[in-house]
Amino acid sequence: MGVRKNAGLLTAAEATTLRQAFGRVLGLDDERGYQYQAGIHGLPLPTSCQHHHPLFLPWHRAYVYLFERALQDQVASVALPWWDWTSAAAHREGMPAPYTVRTADGTPNPLLDAPITVLTAAQRRQLAANGLITSGTRPRTFRDPEVPDELPRAATINSILQAPTFDDFTTRLENVHDAVHVWVGGSMSAVPVAAYDPIFWAHHCMIDRLWYLWQLRHPGAGPPAALLRQALAPFPMTVADTLDIGRLGYSYAVQVVS
Ligand SMILES: [Cu+2]
């Protein structure tokens, strides 16, 4: 089914497909739509995401998988790309171009930012006052990135990929993950609104890919057995359901960018 690729190496046609899929999901007001999907992570309540917990990787794998399925319901050939923030390109330029150009194909780029339509007036005021969304009655996500060369380094990730146990691996990877959220800044720096920023999905695709690479190197190692039957609310999946991306029907292209 879907082959996830490096966001820095998308062809023009692949980038157009990705924008089309995001554009269509952004236009849907029901449970197939962007506001519903992004809202599962934080606001509107309840906050469902799992952080600083052994469920972090399984929960986010299910989340990204089901969002990718929502994109594929609109544009069957689309796959979510990953943002390799360790690459030399990322350390020169930061986020990949498909996510940062202001316009593409003659229209505003739906990967640059997104509206957040589900907030109460009080939430809008408070989030805007805290610098997490744009102000006004029709808020959007925004970013305030740091210097590109301060993104996580390949050597750090290579060391984390050698972690012998799932607990050690997930704890160290989640800390790097947190640092990238903070690096992007603005909406991405706060759990309640982070998933509305389109770069969220490329960031979490990278996290998911690193878990997959760790799984390849450590066959048999995984989350504690006691967790395997745990449900990943609100998704109709358990931890065990997330362990094999082949069974979920997607794969990661072997692509590195220098
Ligand atoms: Cu995250």
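Residues numbered from 1 in each chain as written. Predicted model: local features only at pLDDT ≥ 70, side-chain atom pairs only at ≥ 80, totals over all residues. Heavy atoms only, no water.

### Overview of the coordination of the copper ion
Donor atoms from the polypeptide that bind the copper ion are H177 (NE2), H181 (NE2) and H204 (NE2), placed at 1.9 to 2.1 Å. Counting the intervening residues between successive donors of the copper ion yields the motif H-x3-H-x22-H. On the criterion of helical spacing, the pair formed by H177 and H181 is a turn pair, its members being four residues apart in helix α7 (residues 166-184). Judged on exposure class, the residue H177 and its partner H181 are both buried. (Donors = N, O, S within 2.8 Å, 3.2 Å for Na, K, Ca; no water. Helix = DSSP H or I, 4+ residues; strand = E, 2+ residues; numbered from the N terminus. Buried < 20%, exposed > 50% of the residue type's maximum accessible area, 1.4 Å probe, protein only.)

### Observations regarding the packing of aromatic side chains
To describe a pair of aromatic rings, you give the distance between the ring centres and the angle between the ring planes. Evaluated as defined, the whole model comprises 18 aromatic pairs. An aromatic cluster is built from F22, Y34, W59, Y63, F67, F200, W201 and F235, whose rings are joined through pairwise contacts. The ring of Y250 carries R4 above its face, with NZ or CZ at 3.7 Å from the centroid. (Phe/Tyr/Trp six-rings, centres within 6.5 Å; stacked < 30°, edge-to-face > 60°. Lys NZ or Arg CZ within 6 Å of the ring centre and 35° of its normal.)

### Comments concerning helix α3 (residues 56-74)
Here α3 spans 28 Å end to end across 19 residues, near enough to the 27 Å set by a 1.5 Å rise per residue. With 15 of 19 residues buried, α3 lies mostly within the body of the structure. (Expected span 1.5 Å × (residues − 1).)

### Side note on the pattern of salt bridges
Taken as a whole and judged by the stated rule, the model has 12 salt bridges. Of the charged contacts, one joins D105 and R19 as a salt bridge, the two residues approaching to 3.1 Å between their closest N and O atoms. In this pair, D105 sits in the loop between β2 (103-104) and β3 (107-108) while R19 sits in helix α1 (residues 12-26), placing the two residues 86 residues apart along the sequence. For D105, a relative accessible area of 54% translates into the label exposed. R172 is the partner of D168 in a salt bridge, and the nearest nitrogen-oxygen pair spans 3.7 Å. Here the residue D168 and the residue R172 both occupy positions in helix α7, the gap between them amounting to four residues, near one helical turn. The partly exposed category is assigned to R172, whose relative accessible area is 30%. In the salt-bridge network here, residues are joined through shared partners; they are R4, R61, E68 and D208. (Salt bridge = Lys/Arg side-chain N within 4 Å of Asp/Glu carboxyl O.)

It is worth stressing that arrangement in space is one thing and function is another; only the former is reported here.
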